[in-house]
Amino acid sequence: MTNTVLVLGARGRLGGAVAQAFAAAGWRVLAQRRAGGTVSSPAEGIEWVQAEAGDTAALLRAATGARVVVHAMNPAYTAAAWRAHAPGLMQAAIDVAAGLGAVLLFPGNVYNFGMDMPALLSPDTPQRPSTEKGRNRVDLEEQLAQATRSRGIRAVVIRAGDFFGAGNGSWLDQVIVKKLPQGRVTWPGALDAPHAWAYLPDLARAFVRVAETNPEQMDARFEVLHFAGQTVTGHDWLAALTGVAGEQGWLPAGGALRTGKLPWGMMRLVSPFSATVASLLEMRYLWDVPHALDGAALARRIGAEPHTPFLDAVRAAI
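Reading the values: rules and limits
- Residues numbered from 1 in each chain as written.
- Predicted model: local features only at pLDDT ≥ 70, side-chain atom pairs only at ≥ 80, totals over all residues.
- Heavy atoms only, no water.
- Axes fitted to C-alpha atoms, helices over the stretch in contact; angles between N-to-C directions.
- Helix = DSSP H or I, 4+ residues; strand = E, 2+ residues; numbered from the N terminus.
- Parallel < 35°, antiparallel > 145°, perpendicular 65-115°, else oblique.
- Left-handed = near helix turned anticlockwise from the far one by under 90°.
- Contact = heavy atoms within 4.5 Å.
- Nonpolar A, V, L, I, M, F, W, Y, C, P; charged D, E, K, R; others polar.
- Expected span 1.5 Å × (residues − 1).
- Buried < 20%, exposed > 50% of the residue type's maximum accessible area, 1.4 Å probe, protein only.
- Pairing = 2+ DSSP bridges.
- Polar contact = N/O pair within 3.5 Å; in protein donor to acceptor, adjacent residues only side chain to side chain.

A. Here's a closer look at the packing of helix α3 (residues 79-100) against helix α4 (residues 132-150). Between α3 and α4, whose axes approach to 10 Å, the crossing angle comes to 15°. With respect to each other, α3 and α4 are oriented roughly parallel. When the axes of α3 and α4 are compared, the crossing they make is right-handed. Here Ala79, Trp82, Arg83, Ala86, Pro87, Met90, Gln91 and Ile94 of α3 lie close against α4, whose contacting residues are Glu132, Lys133, Asn136, Arg137, Leu140, Gln143, Leu144 and Ala147. Taken together, the residues that form the contact of α3 with α4 break down as nine nonpolar, three polar and four charged.

Structure, rendered in structure tokens:
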């Protein structure tokens, strides 16, 4: 029989990439989106389910037989929105997974570790968040862990770095390469600081590979796995982007990209009047503090993680 997965938040970048990856692997994909409005034609193998995240009864009826639920829902990128809505979205995902008897997969990030984080982050690295967003993420993972104890579900956090590829809405397209056709790149921090990135098509395939393992292979009902992804510096990005810009005719042969800095000072002045800018400013440290994710535990589970060579990933993303 065909395996079935329910992707909550399938209209988002991660949710969409995960839904496509499961469909490509031969799964029946139920892609949740909020009720109302029109639905674009789904990709082959993807069925839209129009229901609110909190409508557990409707989702259980639509997803009968699903053995995996992916929580890919996100509030707006502000501390207030995360504080107000993220716990409820997590609870909705838990309720659906418990009702289906399904494994719940949740994407984690590096906010949990704070600005004093070590250069290599493993699943057992102590979490010492230094921002409200980081504390929120720690609380969400504890909420999920508690549900595995009280509700009997199995859950896996798959932690990854900054997303790029598979659509718009990331630091890459909104800031870094926004003016690449004009031969200009904006870099948010230190050019020599290693930074964890996740090429979304690779991360999505990792979600599928984790889902395809036998739940009984889990060491515990709640697990955290780290997706190593691409650990690169700003200099690495500039080298790759110079090549792509040359291929596209945006740079003359042998030309160099102009590199600008993000105007953090101006953003600080604006932040009292913009919750989104304030939230971006809060996470500035990530661009200067070297960090990478240790993917050894994930590799023990699925084998070598899906990995597109960096230049190929950049080229596809651009």
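Having seen the model, we can carry on.
B. Examining α4 more closely. Its 19 residues place the ends of α4 26 Å apart at the C-alpha level, agreeing with the 27 Å of an ideal helix rising 1.5 Å per residue. Of the residues making up α4, those classed as buried are Lys133, Gly134, Asn136, Arg137, Leu140, Glu141, Leu144, Ala145, Ala147 and Thr148. Its buried side turned inward, α4 meets α3, β5 (103-108), β7 (154-159), β11 (222-226) and α9 (275-282). Immediately downstream of α4, the backbone of Gly152 shows phi near 80°, a positive value.

C. Local environment of the sheet that holds β11. Strand order across the open sheet formed by seven strands is β3-β2-β1-β4-β5-β7-β11, with parallel pairing between neighbours. Either end of the sheet is taken by a strand with one partner, and the two such strands are β3 (46-50) and β11. Taken over all neighbouring pairs, the strand axes of this sheet differ in orientation by 20° on average, direction set aside. Sheet topology note: the strand β4 (residues 68-71)/β5 ladder contains three bridges and is parallel. Counterpart to Val68 in the pairing with β5 is Val103. In the packing of helix α1 (residues 13-24) onto the sheet, contacts are made with β1 (4-8), β2 (28-33), β3, β4 and β5, and the angle to β1 comes to roughly 170°. Here α4 sits on the sheet in contact with β5, β7 and β11, set at roughly 165° to β5.

D. Structural context of the sheet that holds strand β10 (residues 195-199). Reading across the sheet, the three strands line up as β8-β10-β12 and stay open at both edges, with mixed pairing between neighbours. This sheet does not close on itself; its edge strands, each paired only once, are β8 (162-164) and β12 (230-232). Going from strand to strand, the sheet's axes swing by 40° on average, the running direction of each strand aside. The pairing of β10 with β12 spans three bridges and is classified as antiparallel. Looking at β12, one finds that Ala196 is bridged to Thr231.

E. Examining the side chain of Glu141 more closely. With respect to the helices, strands and loops of the structure, Glu141 is situated in helix α4. Take Glu141: its relative accessible area is 5%, and that puts it in the buried class. At a separation of 2.8 Å, a polar atom in the side chain of Glu141 contacts the side chain of Arg159. Not counting residues within four places of it along the chain, the set of residues in contact with Glu141 comprises Phe106, Gly108, Asn112, Gln127, Val157, Arg159 and Phe222.

F. Molecular detail of α9. Considered for burial, the residues of α9 that qualify are Val277, Ser279 and Leu281. As for α9, its buried residues are in contact with α3, α4 and α8 (264-270).

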